[in-house]
Structures are given as C-alpha cells and as structure tokens.
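This is what each chain is made of:
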Amino acid sequence: MAEAACEAGPELSAVIGATVPTGFEQTAAEEVREKLGSASRISKDRGKIYFEVPAQGLPQVHRLRSVDNLFVVVQEFKEYQFKESKEDALKDLEDLVKKLSWADPLKVWELNNSLKKRKTKRKKPQPQSTASKERQSDDGEGQGAEPEDTGKQEDCAPGAAGVEPASSQDTEETRGVASQIGGEEEDEDNEQAEATEESQAGAGAESKAGGGQAGQGDARVLRFRVTCNRAGEKHSFTSSEAARDFGGAVQEHFQWKADMTNFDVEVLLNIHNNEVVVGIALTEESLHRRNITHFGPTTLRSTLAYGMLRLCDPQPTDIIVDPMCGTGAIPIEGATEWPSCYHIAGDNNPQAVKRAANNICSLLKKKENKESTSSGIPLDIIQWDICNLPLRTGSVDIIVTDMPFGKRIGSKKKNWDLYPACLMEMGRICTPGTGRAALLTQDKKCFAKALSRMGHIWRKGQTVWVNVGGLHAAVYLLKRTWERAEEKRAFW
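Read on for a plain summary of the structure. (Residues numbered from 1 in each chain as written. Predicted model: local features only at pLDDT ≥ 70, side-chain atom pairs only at ≥ 80, totals over all residues. Heavy atoms only, no water.)

1. So, the pattern of salt bridges
Okay, so step 1: All told, the structure shown has 18 salt bridges when counted by the stated rule.
Okay, so step 2: The partner of K35 in a salt bridge is E337, with the nearest N and O atoms 2.7 Å apart. Taken together, the residues K35 in helix α2 (residues 25-36) and E337 in helix α10 (residues 329-337) connect sequence positions 302 residues apart.
Okay, so step 3: Look at E337 and you get partly exposed, because its relative accessible area is 23%.
Okay, so step 4: Residue R301 is joined to D68 by a salt bridge in which the shortest nitrogen-to-oxygen separation is 2.3 Å. Of this pair, R301 sits in the loop between β9 (275-281) and α9 (302-311) while D68 is found in the loop between α3 (58-62) and β4 (69-77), placing the two residues 233 residues apart along the sequence. (Salt bridge = Lys/Arg side-chain N within 4 Å of Asp/Glu carboxyl O. Helix = DSSP H or I, 4+ residues; strand = E, 2+ residues; numbered from the N terminus. Buried < 20%, exposed > 50% of the residue type's maximum accessible area, 1.4 Å probe, protein only.)

2. Structural notes on the nonpolar core
It is characteristic of soluble globular proteins that their nonpolar side chains tend to be buried jointly.
Okay, so step 1: The biggest cluster of nonpolar side chains holds 54 residues, and the ones touching the most others in it are I16, F51, L93, W102, F246, W256 and L269.
Okay, so step 2: Per-element accounting of this core gives the leading share, six residues, to helix α8 (residues 239-254).
Okay, so step 3: Counting 32 residues, the second largest nonpolar core, distinct from the first, contains W384, V396, L478 and A485. (Core = buried A, V, L, I, M, F, W, Y, C linked by side-chain atoms within 4.5 Å.)

3. Looking at the sheet that holds strand β13 (residues 398-402)
Okay, so step 1: Spatial ordering of the open sheet is given by β12-β11-β10-β13-β14-β16-β15, a layout of seven strands whose pairing is mixed. Edge positions in the sheet fall to β12 (379-383) and β15 (458-468), since each of these pairs with one other strand and no more. The sheet shows a mean angle of 15 degrees between the axes of neighbouring strands, taken without regard to direction.
Okay, so step 2: Sheet topology places strand β10 (residues 319-322) next to β13; two bridges connect them, and they run parallel. Paired with I320 across the strands is I398, a residue of β13.
Okay, so step 3: Lying on the sheet, α10 is in contact with β10, β11 (342-347), β12 and β13; it crosses β11 at an angle near 170 degrees. (Pairing = 2+ DSSP bridges. Axes fitted to C-alpha atoms, helices over the stretch in contact; angles between N-to-C directions. Contact = heavy atoms within 4.5 Å.)

4. Quick notes on the environment of E486
Okay, so step 1: Summarising the element assignment, E486 is placed in the segment after β16 (471-480).
Okay, so step 2: Residue E486 is classed as exposed on the basis of its relative accessible area of 52%.
Okay, so step 3: For the pair formed by E486 and G427, sequence separation is 59 residues and the distance between their alpha carbons is 8.6 Å.

5. Examining the packing of aromatic side chains
Okay, so step 1: Going through the model one piece at a time under the given rule, you end up with 10 aromatic pairs.
Okay, so step 2: Ring centres of F82 and F237 lie 5.5 Å apart, and the angle between their planes is 55 degrees; this geometry places the pair in the tilted category. Remark: F237 occurs in the loop between β6 (223-231) and α8 and F82 occurs in the loop between β4 and α4 (86-99); sequence separation between them is 155 residues. Like F82, the residue F237 is buried in the burial classification.
Okay, so step 3: Measuring from ring centre to ring centre gives 4.4 Å for F447 and Y476, while their planes differ by 20 degrees; the resulting arrangement is stacked. Taken together, the residues span a long stretch of sequence, with F447 in helix α13 (residues 444-453) and Y476 in strand β16 at a distance of 29 residues.
Okay, so step 4: Classification of F447 as buried rests on a relative accessible area of 0%.
Okay, so step 5: Through a chain of ring-to-ring contacts, three or more aromatic side chains come together here, namely F77, Y80, F82 and F237. (Phe/Tyr/Trp six-rings, centres within 6.5 Å; stacked < 30°, edge-to-face > 60°.)

6. Things to note about unusual backbone geometry
Okay, so step 1: Even without a glycine there, the phi angle at N273 is positive, about 55 degrees.
Okay, so step 2: Mapped onto the fold, N273 is located in the loop between β8 (265-272) and β9.
Okay, so step 3: The partly exposed category is assigned to N273, whose relative accessible area is 40%.
Okay, so step 4: In this model, D313 sits at a positive phi of 50 degrees, which is unusual for a non-glycine residue.
Okay, so step 5: Structurally, D313 can be placed in the loop between α9 and β10.

Okay, structure coming up:
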C-alpha cells in the first residue's frame, strides 16, 4: 500500500480554480503561465480562472499574486441541464454527489492541508467571515462595456444552508464563517521538498477523507459545509436550497458531520447559468490579505494592486510613484514583486502615512524572520500634497494610485477640482512619451471630464472594469504624451 502511494503521489495532478479581481482574469492567466508554466482557461463566470498543475506545485500556487481564493475542481459541467421543477432539479443535484470522482481532489485537499499545518497552526474561526465577503466581491459584472451602477452581489449572513440570503438579485451566495489559511511564506526549497514528501503520503488520504464511509471508526470524522454560489435567472431553486440538499447528499455519502463554522472541508457548488462546477476549497482566507496589517477606511486589496501594477509593465530601474497611497497596498505590492524598481509612496493624510509606514515595518520584520540577512525594500514613504509633489519634472516612469471615490474619503463635489489638478501634477512629474499611469476610480463621470481637459498630456488606453467593495469602478491605463506639462515651481 505504501509503495502504491509513493508511485501515485508524485504523478497526482489537479485542476485548480482561482477567484481573481474581475477584469484581471487575463492578467492572472499570464502570471500562471509565467510562474507555473500552465495554460489557464478563463471562466464565463467573471472573476474565475482554471489551470492544471502537479500536486507538488501547490506551494507555488499559493504564492501567486493575482488570485484571491483557490479550490481544487472535483468536476465541471459546461452544459448542465436543470429540470424545470424545483424538486426534480434539487433531486438531480443530490444524485450528482454519488456520481462524482472525489478521490483525487480529496488527496489534493489532504496534501494542501498537510502543507498548511506545517506552516502554522490553524487559527480559531472568528464569528464574522472576511473570506465570505471577499469571494463575493467579484460577482455580477459585465465585461467590455461600462457596467450598470446596480450591483448583483450581496453580503450573506452566516447560518445554516437552508437560510436564504437577503437579496432579490440573480446572483446569490450562501456562505458561513471561514478561518485563516496558514499565513507566512516559507523558503521555496523547503516547501517544494515538503510538497513532494506529502504528495507521496497524500495518495493514501482517501482512507481519511475520500473513503469516510460509516465503517471507519478509527478515523476522525471530518466536519464540512457546502457553499453555493449561483448566478442566472432560469433556475427554479435558490442558492440556499441547492446548498442544503447538495450538502445533505454529501453528508450521507461520506458520513461527515455538518458544521457551518468550525469545518475541516468546504465543498463548493458554483452554478453560473448552465455551468456547474463542484470543488473543494484550498484557502480559508483570501490571499490578498498577505501584506497589510494596519488597515484604513479604504484599504485596497493586494491582488487588485498587483493587477494595476502589472498593467503598466514595470521594467528594471523604473521609478514608480503612488501619490495617494493610503495604507500603502500598491507600493508594498510593487516593492515585493518588482524589487528592481524604486517605489515612492505619499499621502496628504498623516494618519494614512503612519499606517503605510507600519505596514512597511511589518513587511520588513517578516522578511527578517524569513531571511538571516535582510537588505530592506526599495520603498520610501512621504507626507505630501498631491497637487504640489516634491518631485522633479519628468522624473517618474510609472504612476499607480487609487483615487478618492468621493464616498468614504472626500466628496464627489471636491473631486471635480481635485481630479484635474491631480492629472496635471501627475503629468508634470511623469516622463513625456514613455510614462504611463494606472488610475483606479469609481467616480467615472468626473474622471472622464477631467481627462478630457488634460487630453494634451494624457491619452487613455485600456480600461478595466472592476468591483471594489461592491462598487463598480474602473482602472484607466493612461499614456503620457510628448507635450510639455505646465511647471508651477522649481523644486531643485
């Protein structure tokens, strides 16, 4: 049996599903190809990609910068035919459980769980789920055209699978509470060795997870919950009903114990129109929370920051500036992933600068704990006025920033004066001809008007529609023209 496990383990592969910031699916697919050598398929359901990797590559998968949550695919049905009546449709979902090939995905889950336990002890679940909210945030948007201002996602309260989320929209989610997946990154060589070792042992994991029928009294009974994400108008059932009935069938099949809060296994049932994907979650908390320890009122997700930076294609020795850095999500992500560039961050709010500085210190401590000798990170933080930056004219290669939406910070009225002044000052410091900027805003009308006034120094390129905390926002990729910008005063 042990020999068979050793033979099967290294050859075990998995189809991984990943949730990513909407609009940045192609960015995530490119990162997967570059770092893992795997081709990705972008789902029809926005904000998801799928790719295949060997099981021992799981540590590298968890180090991807553009993905929020990960799951191993049990099976995918691209054209699933739902019955018209609710009872028949739900009965089909129940019957589906016994037809699925659970063995290999459960081995992958067991391997992932073993690696996670080696990193850190599992933390006690909190009464409110952060992962639940983040997995929802990318649902229900259109692509290629400006989305409507009425969103389709909702905040779902924790509870039993039979409780209907408070929403009348077509996109539904039923979620409970999630806890944190093992936090700190480890040395790549050590993780790879552990993954290979555990993948060999993981081939026998079915005795614990996959084959947990009622005759195995010596094995600990696993606790589980089912999370259903549903989008579409032609379903006769709700996400809560699907999660309840599918979960009942899972419980009967494996003899697992249902537990909505302190669970071992989270089974995912993703339904998007006629596409059905069954999976097992590999993350308990979104991977975007990797860098930030001190949060502000509008802290940007690290995965979205990575996507914005990547749009600008940073090159070695580039100077990258975030003039409205907030808690520093963008410059910290930039300094971590593009250490050959020099990053400058600033904000006019002293409290924001303090939070960003604390986040940088936390990152440095993490680096020192990981490495015996730390050389620091190429990042400076300054308090300044966005309309009067203490930087030389034409000295900056890339500007990436999250502009005030006019909701939690500032106001829509103030943005009408702020946006043109910002674009003018950014145009002054940015290198003519080669400079570029990626700017995130939800105040699209105001930004469009300001950009039309600054058309002589900025040209709009790509626009990526994204979802930020339930708000339909846009990332604008701008190119700096050769036109000379107005200089208010000399700094040097």
